[in-house]
Amino acid sequence: VSKRPTLSQLQYALNEVSKTPTVSVSVSYPKHGSRKLLATAKRSAIAMEMIRQIVLDRDSAATPIALEVAECFMDSSYGALPKWLEDHLAGLGDKAGGLFAKTSKGTTRGDPSGLCTQYMKRGRYVDACDLFTKVLVGGDGGKERKTMAASRVPEKGDIDFV
């Protein structure tokens, strides 16, 4: 008797936490191999998608769960962060607020300072430097940062250098 949820139970749970009624999860794994291995890959992909949906939907300045989830990933044997989580914590894709300053608004655009601190606590200095570079340059290779630089002031938490 297996106590693990079935694929259909996981898919149902994913649909319950998702804002869209039917979420399909694409899994990249070899099409050959045992059914058990393929089912495990699909189960893992659905579970990761549920984590992503919950974190992105519920993370805010009042309840900053994304950083806590990132710490759990770093403390696990997995160690690496999923790209979506690092990008969310880096604040990529959001134009509001400063880069490394905390926001007091009800929503969050990430916490690059908190993530950098967690990387450094674990001796992951290269990851911390990569994060600084990613945040300072921005997701578009620095084009928007250059055009917005004149309107960004440190008094509002806008810091374009470290």
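Numbers given for residues are sequential positions, taken from 1 along each chain in its written order. pLDDT decides what is reported in this predicted model: residues at 70 or higher carry local features, side-chain atom pairs at 80 or more are listed and counted, and totals for whole chains, interfaces and linings draw on all residues regardless. By convention in this description, side-chain values take in all heavy atoms of the structure and omit both hydrogens and water.

Of the regular secondary structure elements, the protein holds seven helices and zero strands. When its helices and strands are written in sequence order, the protein yields α-α-α-α-α-α-α. Considering the protein as a whole, with its 162 residues, one finds that 34% of them fall into the buried category. Long-range pairs, those at least 24 residues apart, make up 53% of the contacts in the protein between residues at least 6 apart in sequence. Only the protein chains shown count as cover for residues, and all accessible areas are computed by the Shrake-Rupley method using a 1.4 Å probe. In the form shown here, the protein has an accessible surface area of approximately 10400 Å², with 59% of it arising from carbon and sulfur atoms. Numbered from the N terminus, helices here are DSSP runs of H or I no shorter than four residues, and strands are runs of E no shorter than two. Throughout, exposure labels follow a simple rule: accessible area from a 1.4 Å probe, protein chains only, divided by the maximum for the residue type, with under 20% read as buried, over 50% as exposed, and the rest as partly exposed. It only takes one pair of heavy atoms within 4.5 Å for two residues to be counted as in contact.

With respect to the helices and strands, A70 occurs in helix α3 (residues 65-75). For A70, a relative accessible area of 0% corresponds to the buried category. When the C-alpha positions of A70 and L115 are compared, they lie 7.8 Å apart, and in sequence the two are 45 residues distant. Among residues more than four places away in sequence, those in contact with A70 are L81, L85, L89 and L115.

Quick look at α3 now. Among the residues of α3, those classed as buried are A66, L67, V69, A70, F73 and M74. All buried residues of α3 lie within an arc of 160° about the axis, which places them on one face of the element. Turning to α3, the residues buried within the fold contact α2 (35-58), α4 (83-90) and α5 (112-121). The reported arc concerns the directions from the helix axis to the C-beta atoms and nothing else.

Let us look at the packing of helix α1 (residues 7-17) against α2. Fitted lines through C-alpha atoms give the axes, limited to the stretch in contact for helices. The angle between two N-to-C directions lies from 0 to 180 degrees. Contact geometry of α1 with α2 gives a least axis separation of 10 Å together with a crossing angle of 15°. It follows from the interaxial angle that α1 and α2 lie roughly parallel. As for how α1 packs across α2, the hand of that crossing is left-handed. Between α1 and α2, the contacting residues are L7, L10, Q11, A13, L14 and V17 on the first element and A39, K42, R43, I46, E49, M50, Q53 and I54 on the second. Grouping the constituent residues of the contact of α1 with α2 by class yields nine nonpolar, two polar and three charged. Angle categories are assigned with fixed cut-offs, so that under 35 degrees is roughly parallel, over 145 is roughly antiparallel, 65 to 115 is roughly perpendicular, and the rest are oblique. We call a crossing left-handed when the near helix sits turned anticlockwise from the far one by less than a right angle, and right-handed when that turn is clockwise. Ten residues, namely Ala, Val, Leu, Ile, Met, Phe, Trp, Tyr, Cys and Pro, are considered nonpolar, four, namely Asp, Glu, Lys and Arg, are considered charged, and the remaining ones, Gly among them, are considered polar.

A separate point is the nonpolar core. Judged by nonpolar contacts, the single largest core of 18 residues is most densely connected at A70, L81, L85, L89, L115, Y119 and L131. Of all the secondary-structure elements, those providing two or more residues to this core are α3, α4, α5 and α6 (125-137). Sorting elements by how many residues they give to this core places α3 first, with six residues. In this view, L85 contacts V55, A66, V69, A70 and F73; residues no more than four positions away in its chain are not counted. Here, the term nonpolar core denotes a set of buried Ala, Val, Leu, Ile, Met, Phe, Trp, Tyr and Cys residues that are joined through side-chain atoms within 4.5 Å.

Now for the packing of α5 against α6. One can describe the packing of α5 onto α6 by two numbers: an axis separation of 7 Å at closest approach and a directional angle of 160°. When the interaxial angle is binned, α5 and α6 end up roughly antiparallel. The element α5 and its partner α6 pack so that their crossing is left-handed. Seen from α5, the contacting residues are P112, L115, C116, Y119 and M120; seen from α6, they are Y125, D127, A128, L131, F132 and V135. Each residue belonging to the contact of α5 with α6 can be placed in one class, and the counts come to ten nonpolar, no polar and one charged.

The next point concerns the confidence of the model for the protein. Caution applies to low-pLDDT parts of the model: their predicted coordinates are not meant to be read in detail. Here the protein averages 76 in pLDDT, and 70% of its residues register 70 or above. The lowest-confidence element of the protein is helix α7 (residues 143-148), averaging 71 in pLDDT; the highest-confidence one is α5, averaging 92. What pLDDT reports is the predictor's confidence in each residue, on a scale of 0 through 100.

So, about the pattern of salt bridges. Pairing is possible between side chains that carry opposite charge, provided their charged atoms lie close to one another. Salt bridges are counted wherever a side-chain nitrogen of Lys or Arg sits within 4 Å of a carboxyl oxygen of Asp or Glu. By the definition in use, this model includes seven salt bridges. Ionic pairing is found between D57 and R58, a salt bridge with its closest N-O pair at 3.5 Å. Accessibility expressed as a relative area gives 33% for D57, which makes it partly exposed. One salt bridge in this structure joins K83 and D87, with 2.6 Å as the shortest N-O distance. Of this pair, K83 and D87 both sit in helix α4, separated by four residues, roughly a single helical turn. Given a relative accessible area of 59%, K83 falls into the exposed group.

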